[in-house]
Amino acid sequence: MVESVKAASEVYAPVSGEVVEGNGALDANPALVNEDADNAGWFFKMTLSDAGELDDLMDEAAYAAYVKELG
């Protein structure tokens, strides 16, 4: 669950598994999500139930192309 001053909402992941660690640094500095999303701004780490689910996801280049098409 992600909580803010205004709301709390579930986090949905495109793969199944178990969350094994949350990023405690976000408690003190939630802006890390926007400031350093690729490094310090991660939400959680998880153990995958089925690593094969990753095969259906876009890689970084495909996602960048997808986002470019939207704009």
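Higher on the page you've got the structure.
Owing to the predicted nature of the structure, the values given are computational and were not obtained by experimental measurement.

Visitor: Sorry, what's going on with the environment of Leu26 here?
Guide: Residue position: Leu26 is located in helix H1 (residues 25-28). In sequence terms Leu26 and Phe43 are 17 residues apart; their C-alpha atoms lie 7.8 Å from each other. Residues in contact with Leu26, not counting those within four places in the same chain, are Leu32, Val33, Gly41, Trp42 and Phe43.

Visitor: Looking at this model, I keep getting lost on the side chain of Asn23. Mind explaining?
Guide: Among the secondary structure elements, Asn23 is positioned in the loop between strand S3 (17-22) and H1. With a relative accessible area of 10%, Asn23 lands in the buried category. Here the side chain of Asn23 touches Ala25 through a polar contact of 3.0 Å, landing on its backbone nitrogen. When neighbours within four sequence positions are excluded, Asn23 is seen to be in contact with Ala40, Gly41, Trp42 and Phe43.

Visitor: Help me understand the pattern of salt bridges in this model?
Guide: Two side chains of opposite charge can pair, provided their charged atoms sit close to one another. Applying the stated criterion to the full structure yields 1 salt bridge. Put simply, Glu21 and Lys45 hold a salt bridge, and the shortest N to O gap is 3.8 Å. Pair noted here: Glu21 is in strand S3 and Lys45 is in strand S4 (residues 44-48), with a separation of 24 residues, a long-range link. A relative accessible area of 36% places Glu21 in the partly exposed class.

Visitor: Explain the packing of aromatic side chains here, please?
Guide: The description of an aromatic ring pair uses the distance of the two centres, along with the angle that the planes make with each other. Under the defined criterion, the tally for this structure stands at 1 aromatic pair. On the basis of an interplanar angle of 35° and a centroid distance of 6.3 Å, the ring pair of Tyr63 and Tyr66 is categorised as tilted. Of this pair, Tyr63 and Tyr66 are both found in helix H3 (residues 60-70), 3 residues apart, which corresponds to roughly one turn of the helix. A relative accessible area of 49% means that Tyr63 is categorised as partly exposed. For Tyr66, a relative accessible area of 40% gives the class partly exposed. The cationic tip of Lys45 hangs over the ring face of Trp42; the distance from NZ or CZ to the ring centre is 4.9 Å.

Visitor: I'm lost on the environment of Ala37 in this one. Help?
Guide: You can see Ala37 is positioned in the loop between helix H2 (32-35) and S4. Excluding residues within four positions of it along the chain, Ala37 makes contact with Leu32 and Trp42.

Definitions and limits used
Residues numbered from 1 in each chain as written. Predicted model: local features only at pLDDT ≥ 70, side-chain atom pairs only at ≥ 80, totals over all residues. Heavy atoms only, no water. Helix = DSSP H or I, 4+ residues; strand = E, 2+ residues; numbered from the N terminus. Contact = heavy atoms within 4.5 Å. Buried < 20%, exposed > 50% of the residue type's maximum accessible area, 1.4 Å probe, protein only. Polar contact = N/O pair within 3.5 Å; in protein donor to acceptor, adjacent residues only side chain to side chain. Salt bridge = Lys/Arg side-chain N within 4 Å of Asp/Glu carboxyl O. Phe/Tyr/Trp six-rings, centres within 6.5 Å; stacked < 30°, edge-to-face > 60°. Lys NZ or Arg CZ within 6 Å of the ring centre and 35° of its normal.

It is worth stressing that arrangement in space is one thing and function is another; only the former is reported here.
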